[in-house]
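Given next are the chains, with one letter for each unit.
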Amino acid sequence: MFRKKTAAPKTPAAPSYAPAPNPAPAKGRKTLIFHIGDHKTGSTSIQLAFAKGRVSLKDRSLFYPAKLASNVLGDQCMAYHAAQTDEERARAAQPLERLAARVAASDADFVLISAEAIETVPAAVFRDITDRFFADSADEIRIIGYVRPHAARITSSFAERTKVGVPRALKSDLDQFAANKQTGGEFIYLPRFTAWREAYGDAFTLRPMVRDALYRKSVVDDFIHYAFGGLEFEITGTDAANESLCVEDLMRLKVLQRHLSAPRDLRLKVGWEIARIIGQMPPPPQSTKIALHKTLARAIQKTYMADARAMDDTFFDGAPLMQQELQAAVDKALKKPQSARPADYLPPSEMRSLDLMSRMIGGLLENDEVNWPAFLHGKRLRDVEGEPAEKGPNKGRKQGRKKNKRQEGRG
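Reference entry: report on the structure contained in this document. (Residues numbered from 1 in each chain as written. Predicted model: local features only at pLDDT ≥ 70, side-chain atom pairs only at ≥ 80, totals over all residues. Heavy atoms only, no water.)

## Describing the overall build of the protein chain
- The helix and strand inventory of the protein chain stands at 15 helices and seven strands.
- When the accessible surface of the protein chain is totalled, it reaches about 20700 Å², and 52% of it is carbon and sulfur. (Helix = DSSP H or I, 4+ residues; strand = E, 2+ residues; numbered from the N terminus. Areas by Shrake-Rupley, 256 points an atom, 1.4 Å probe, with all protein chains shown as cover.)

Listed below in structure tokens is the structure:
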């Protein structure tokens, strides 16, 4: 007698979770919306859509003041909060006052400021900033954020920090990175998002970065739907923004970053520029997706399940979105850990070529007569604006060294 084979149990599909957005404000009322991240939740795709003017709202006007993102706002908030003297406070207030003046001067129905760097700003600090500087610039202020499930956030953050050359990430593997995050409690979400709800009440919206729970299964569509109160909208054009790098390309970047004797901001800009170029190239012949292995996935599930359950109960009406994503990570995990050694993915000839070119690039970046962070960031902005990105490095010379600090996220 033959027994019919049965498939291994699969993780249940994400439960239906489609709450109605907060109603759109009455026409004629100006609304200021702050998009606060988190990192690794599609922020770049959202920012590109608005920076390129591809989003239009039915019967409402929109002002997006940034060329791409307003991530410097995170540092500006913390600088004002940390100021000790009247002089320091007055100096720290200047960029915040300039931004608030731009918001106030706009006659648009909606003003959107997107800055995933606000993830690191305590909610109470940001509430103080909005009360002091922005309360009179609009009739209403709304806050919207996204949260990525724990396992996916750990893998994506490890990849991001490798890409931008964070020294600890360059020296560690995914297991070590996850252990460090567990020790620091960085990805225990409930206290942080509860603080945002306490600070802003119903004006705060938190959305899950779970594809099946997103409006039209798109983070850009979901953002517009929930940020603007369900108004009808149109998006023109498409962007494959900030696509995740495969392990092979991450290893190539790892070789380069290990050769750089450069400050954090320059490492970040180099990583983003290489990723931008990779995104314009055909995919590599061999492409491996970064992934957890079973033992690590189970450890992450055990560590974060209580937080996932609390997040589901508190923010997602009890729908087990975050919990099921933890189980899905276990189900999809590899049997063995992935190597974090470039030589395990790249042939010796390529390793030699990468070593040669990385030494060459590292030497060029030692020329401090060129403001390399401003130059590389400018290339990205020109790419957003549709202008030729290939301009000489002197275009960035001695300009914007402070202005361009932390223009991108940290992962």
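## Points about unusual backbone geometry
- Looking along the chain, the bond that leaves Gly37 and enters Asp38 is cis, with omega of 0°.
- Inspection of the secondary structure assignment puts Asp38 in the loop between strand E1 (31–35) and helix H1 (43–51).
- One non-glycine residue, Asp59, lies in the positive phi region at around 65°.
- Here Asp59 shows up in the loop between strand E2 (55–57) and strand E3 (62–63).
- Even without being a glycine, Arg216 presents a positive backbone phi close to 55°.

## Quick notes on the nonpolar core
- Counting 83 residues, the largest nonpolar core has Phe34, Phe126 and Trp196 as its most contacted members.
- A total of eight residues in this core trace back to one element, the largest contributor, which is helix H12 (residues 294–315).
- With residues near it in sequence (within four places) discarded, Phe34 still touches Leu73, Ile113, Phe126, Thr130, Phe134, Ile141, Arg142, Ile143 and Ile144.
- Counting residues in hydrophobic clusters, the runner-up holds 22 residues, among them Leu57, Tyr64, Phe223 and Phe233. (Core = buried A, V, L, I, M, F, W, Y, C linked by side-chain atoms within 4.5 Å. Buried < 20%, exposed > 50% of the residue type's maximum accessible area, 1.4 Å probe, protein only. Contact = heavy atoms within 4.5 Å.)

## Observations regarding the pairing of strand E6 (residues 204–208)
- In terms of burial, E6 is largely enclosed, as five of its five residues are buried.
- Of the two faces of E6, the one holding Phe204, Leu206 and Pro208 and the one holding Thr205 and Arg207 are both buried throughout.
- Taken together, the five bridges between strand E5 (residues 140–147) and E6 define a ladder with parallel strand orientation. By the bridge assignment for E6, Val147 is matched with Pro208. (Pairing = 2+ DSSP bridges.)

## Side note on the packing of aromatic side chains
- Overall, the coordinates contain 16 aromatic pairs when judged by the stated rule.
- Ring centres of Tyr80 and Phe133 lie 5.1 Å apart, and the angle between their planes is 85°; on these two criteria the pair is classed as edge-to-face. Note that Tyr80 is positioned in helix H2 (residues 72–82) and Phe133 in helix H4 (residues 123–134), a separation of 53 residues in sequence.
- Residue classification places Tyr80 among the buried positions, given a relative accessible area of 10%.
- Arranged with centres 6.4 Å apart and planes meeting at 85°, the rings of Phe223 and Phe228 form a pair that is edge-to-face.
- Note on Phe223: relative accessible area 0%, which makes it buried.
- Seen from the ring of Tyr200, Arg127 lies directly overhead, with NZ or CZ sitting 5.1 Å from the centre. (Phe/Tyr/Trp six-rings, centres within 6.5 Å; stacked < 30°, edge-to-face > 60°. Lys NZ or Arg CZ within 6 Å of the ring centre and 35° of its normal.)

## Considerations on the sheet that holds E6
- Spatial strand order, E3-E4-E1-E5-E6: five strands in an open sheet with parallel pairing. Bordering the open sheet on either side are E3 and E6, each of which pairs with just one other strand.
- Pairing analysis gives five bridges linking E1 to strand E4 (residues 110–114), with the strands arranged parallel. In the strand pairing of E4, Ile33 is matched with Leu112.

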